Amino acid sequence: MTRVLMVLGVAAFLGACGVDGEPVRPSLNAGLGISNSGIHLGGALGVSKGPVTVSVGL
């Protein structure tokens with residue numbers, strides 16, 4: 001199990017540094033909203049590579 005995690009970590013590092021091409025760009029968006037019904041926290045986490053962006057809202 002430890003070897004699998006190490007391989008995945010190395011692959012993620014190499015992909016992020018751009019050794020295999022254009023690097024992926026991480027993004028983080030956070031928001032705070034205040035209304036009569038209370039306070040709302042929200043955000044999104046994503047990655048971009050070239051024209052493709054994948055994002056997950058929280």
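Heads up: the structure comes first, above all this text.
All residue numbers refer to position in the chain's written sequence, counted from 1. Restriction of local features to residues with pLDDT of at least 70 applies here, the model being predicted, together with a cutoff of 80 or more for giving and counting side-chain atom pairs; totals for whole chains, interfaces and linings are based on all residues. Water and hydrogen atoms were dropped before computing side-chain values, which therefore reflect all heavy atoms in the structure.

**Student:** I'd like to hear about the pairing of strand β2 (residues 38-49), residue by residue, with values.
**Tutor:** Inspection of the sheet shows strand β1 (residues 25-35) paired to β2 by eleven bridges, in the antiparallel sense. Bridging across to β2, S35 finds its partner in G38. Pairing between two strands requires that DSSP report at least two bridges joining them. Put simply, DSSP marks the helices as runs of H or I at least four residues long and the strands as runs of E at least two long, and each gets a number from the N terminus on. Count of turn residues in the β1/β2 antiparallel hairpin: two residues. Two strands pair when backbone bridges link them, and β2 and strand β3 (residues 52-57) are joined in this way by six bridges, in the antiparallel orientation. Directly across from S48, in β3, lies its bridge partner T53. Linking two consecutive strands that pair antiparallel, namely β2 and β3, is a turn of two residues; a positive phi of about 65 degrees is found at G50 within it.

**Student:** Describe the environment of R25, and please don't skip the residues or the numbers.
**Tutor:** Looking at the element boundaries, R25 is found in strand β1. Along the sequence, R25 and K49 sit 24 residues apart, while their C-alpha atoms lie 6.4 Å from each other.

**Student:** Tell me about a nonpolar patch on the surface, residues and numbers included.
**Tutor:** Side chains of V24, V47, V52 and V54 sit close together on the surface and give an oily, nonpolar patch of about 300 Å² of accessible area. Position of V47 relative to the elements: it lies in strand β2. Only residues whose relative accessible area exceeds 30% and that take part in no salt bridge are eligible for patches, with like-charged residues grouped when within 9 Å of each other and nonpolar side chains (Val, Leu, Ile, Met, Phe, Trp, Tyr) grouped when within 5 Å. Computed with the Shrake-Rupley method and a 1.4 Å probe, the accessible areas treat only the protein chains shown as cover for residues. The salt bridge criterion pairs a side-chain nitrogen of Lys or Arg with a carboxyl oxygen of Asp or Glu, the two atoms within 4 Å.

**Student:** An account of the sheet that holds β3 is requested, with residue identities and associated values reported.
**Tutor:** Hydrogen bonds between backbone atoms are what pair the strands of a sheet, whose relative direction is either parallel or antiparallel. Read across the sheet, three strands follow the order β1-β2-β3 without closing on themselves; strand pairing throughout is antiparallel. One side of each edge strand has no neighbouring strand; the edge strands of this open sheet are β1 and β3. Taken pair by pair, the neighbouring strands of this sheet meet at an average axis angle of 20 degrees, ignoring direction. Geometry is summarised by axes, namely lines fitted to C-alpha atoms with helices restricted to the contacting stretch, and by angles between N-to-C directions that run from 0 to 180 degrees.

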